[in-house]
Amino acid sequence: MDNKSAEILKELKQYLLTGALSVEEFPKQDLLGMVYAEHDRRKEQFNSLGEYIAIYDLLIGDALAERNIDGLTILVDSLIDDLQETSSVSNDRMDRLRRMSDPVIVKRYQQRAKAVYDKYPFQSLKGEVAFHGKGVIYTVITGDYDVLREPEYIDSTFDYVCFTDNEKLRSEVWNVRYIENPEELDMTRLARKHKILCHQFLPDYHYSIYVDGKIQIVGDLSEYARKYSKGSPMLCFPHHVRECAYEEARICMEQGKDKPEVIDWQMKGYRQEGYPESYGLTDTACLVRRHDDKKLQSVMECWWEEVCQKSRRDQLSIGYACWKNDFHYDLCDLFIYQNAYIRKRRDGEKIW
């Protein structure tokens, strides 16, 4: 293989080390374009080429932002090694790159969550904790989508409940409750129904903390609820990428997460009603809710109606249900998939 690109990178490294090339002059996009073209010309299939370039884009961008010359030279060395391999970049090397990028990604998403929190216009100023009385932490697992994970942190003041259609599911911590499906809902909507209508399925509790099956509890969720509650009967995490349901809808259609015609019809209806762009977007993998609040109950029933009748992607409709009912939730400033309280733990997936 012609390693002319590797030789160019070696020269670039020397320019960095000698100071002939400044951080401001570093040609990141040209460099990545050259590397992409070089790998793309190889005969061997490289299924992860897009992710490979994206990770280096992230890592180089972070090193440039930190003015970290040593970090840049290490990354250039790594690119040189990859170009000099006789075959495609190995799976082991891709795994190493993913591990390298994880802290950078977490830092960026945490910064974003803090920025969204700081500008959130509906944050209550009362500072009153809304969640009192008997609490329950619950999850919902239907089909074969998730594995029930035992919490790493257990709070004896909470009950732990798992709703599932799997009669074989067992746990030492979770109280497993088998759910029927008389409406013959698809597995996603069956899970969403129990996720959304907490006040109906858990009427014996004053409040609940819902966590998705992909979430593992690693810290004190009662502390989380107390710390970030400002008086609203619902506490949410900000979405770690987007702030607009219309943008989320576009991504869902592109990635085939539901029928494009259904999502398009749904969002056109929202526009006609006046639901604004950039109204805010939550990640619904964790929700804290007070069950006896009548307005919240109305929001949840509206939300379920949307999910039941329109797209099953519940993040598209939760903001609409809040807007429709003139309801405002409290927000935390944490990256949902890695913080002191919960983390994402689905095998073989990214941390975000």
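Look up a bit, the structure's there.
Worth saying up front: this structure is predicted, and the values here are computed from it rather than measured.

Caption draft 1: Summary view of the nonpolar core. Judged by nonpolar contacts, the single largest core of 65 residues is most densely connected at Leu9, Phe26, Tyr52, Ile60 and Tyr224. Per-element accounting of this core gives the leading share, 10 residues, to helix α3 (residues 49–65). Counting residues in hydrophobic clusters, the runner-up holds 34 residues, among them Leu197, Cys302, Trp304 and Leu331.

Caption draft 2: The packing of aromatic side chains, seen in detail. Evaluation of the coordinates by the stated rule reveals 22 aromatic pairs. Look at Tyr138 and Phe163: their rings are 6.0 Å apart centre to centre, the planes differ by 85 degrees, and that puts the pair in the edge-to-face class. Here Tyr138, found in strand β1 (residues 135–141), pairs with Phe163, found in strand β2 (residues 158–164); they are 25 residues apart in sequence, far enough to count as distant. Residue class for Tyr138 comes out buried when judged on its relative accessible area of 0%. A residue is classified by how much of its surface remains accessible, and Phe163, at 4% relative accessible area, is buried. Between Tyr246 and Tyr275, the ring centres sit 6.0 Å apart and the planes meet at 40 degrees, which makes this aromatic pair tilted. Within this pair, whereas Tyr246 is found in helix α9 (residues 245–254), its partner Tyr275 is found in the loop between α10 (260–273) and β7 (282–290), the two being separated by 29 residues in sequence. Neither residue differs from the other here; Tyr246 and Tyr275 are each classed as buried. The structure contains a cluster of three or more aromatic residues connected by ring pairs, namely Tyr120, Phe122, Tyr246, Tyr270, Tyr275, Tyr279, Tyr320, Trp323 and Tyr329.

Caption draft 3: Structural view of the packing of α9 against α10. Contact geometry of α9 with α10 gives a least axis separation of 9 Å together with a crossing angle of 170 degrees. Comparing the axis directions of α9 and α10 gives the class roughly antiparallel. The two elements α9 and α10 cross, and the hand of that crossing is left-handed. Here Ala245, Tyr246, Ala249, Cys252 and Met253 of α9 lie close against α10, whose contacting residues are Pro260, Ile263, Asp264, Met267, Tyr270 and Arg271. Taken together, the residues of the contact of α9 with α10 break down into nine nonpolar, no polar and two charged.

Caption draft 4: Spotlight on empty space enclosed by the protein. All told, the structure shown has two cavities of 30 Å³ or more when counted by the stated rule. Its volume calculated, the largest cavity comes out at about 70 Å³. Lining the largest cavity are 14 residues, and of these Leu148, Arg149, Trp174, Asp212 and Ile215 lie nearest its centre. Looking at the lining of the largest cavity, the elements with two or more residues in it are β1 and β5 (215–217). Among the elements that take part in the lining of the largest cavity, β5 stands out by supplying three residues, more than any other. When its residues are assigned to classes, the lining of the largest cavity shows eight nonpolar, three polar and three charged. There is about 40 Å³ of room inside the second largest cavity. As for the second largest cavity, its lining consists of Tyr120, Phe122, Tyr279, Gly319, Cys322, Phe327, His328 and Tyr329. Residues that form the lining of the second largest cavity fall into these classes: six nonpolar, two polar and no charged.

What counts, and where the lines are drawn
Each chain has its residues counted from 1, running along the sequence as written. Local features in this predicted model are restricted to residues of pLDDT 70 or higher, and side-chain atom pairs are both shown and tallied only at a pLDDT of 80 or more, whereas totals for entire chains, interfaces and linings draw on every residue. To get the side-chain values, all heavy atoms of the structure are used, and hydrogens and water are removed first. Think of a nonpolar core as a cluster: buried Ala, Val, Leu, Ile, Met, Phe, Trp, Tyr and Cys residues, connected wherever their side-chain atoms sit within 4.5 Å. In this scheme, a residue with accessible area under 20% of its type's maximum is buried, one over 50% is exposed, and one in between is partly exposed, where area comes from a 1.4 Å probe on protein chains only. Segments assigned H or I by DSSP are reported as helices when at least four residues long, segments assigned E as strands when at least two residues long, and all are numbered from the N terminus. Under the pairing criterion, centres of Phe, Tyr and Trp rings, with the six-membered ring standing for Trp, must be within 6.5 Å; the plane angle then separates stacked pairs below 30 degrees from edge-to-face pairs above 60, leaving the rest tilted. Axis lines are fitted to C-alpha atoms, over the contacting stretch for helices. Their N-to-C directions set the angle, which ranges from 0 to 180 degrees. Under this scheme an angle from 65 to 115 degrees is roughly perpendicular, one under 35 degrees roughly parallel, and one over 145 degrees roughly antiparallel; angles in between are oblique. Take the far helix as your reference; a near helix turned counterclockwise from it by less than a right angle gives a left-handed crossing, and one turned clockwise gives a right-handed crossing. Residues count as neighbours in contact if any of their non-hydrogen atoms are within 4.5 Å of one another. Note on residue classes: Ala, Val, Leu, Ile, Met, Phe, Trp, Tyr, Cys and Pro are nonpolar, Asp, Glu, Lys and Arg are charged, and everything else, Gly too, is polar. The pocket and cavity definitions rest on a 1 Å grid over protein atoms only: a 1.4 Å probe that fits but cannot leave marks a cavity, an open set with protein on both sides within 12 Å along at least five of seven lines marks a pocket, and residues lining either have an atom within 4 Å of a point. Grid points are joined across faces, edges and corners, and a volume is the space filled by probe spheres set on the points.

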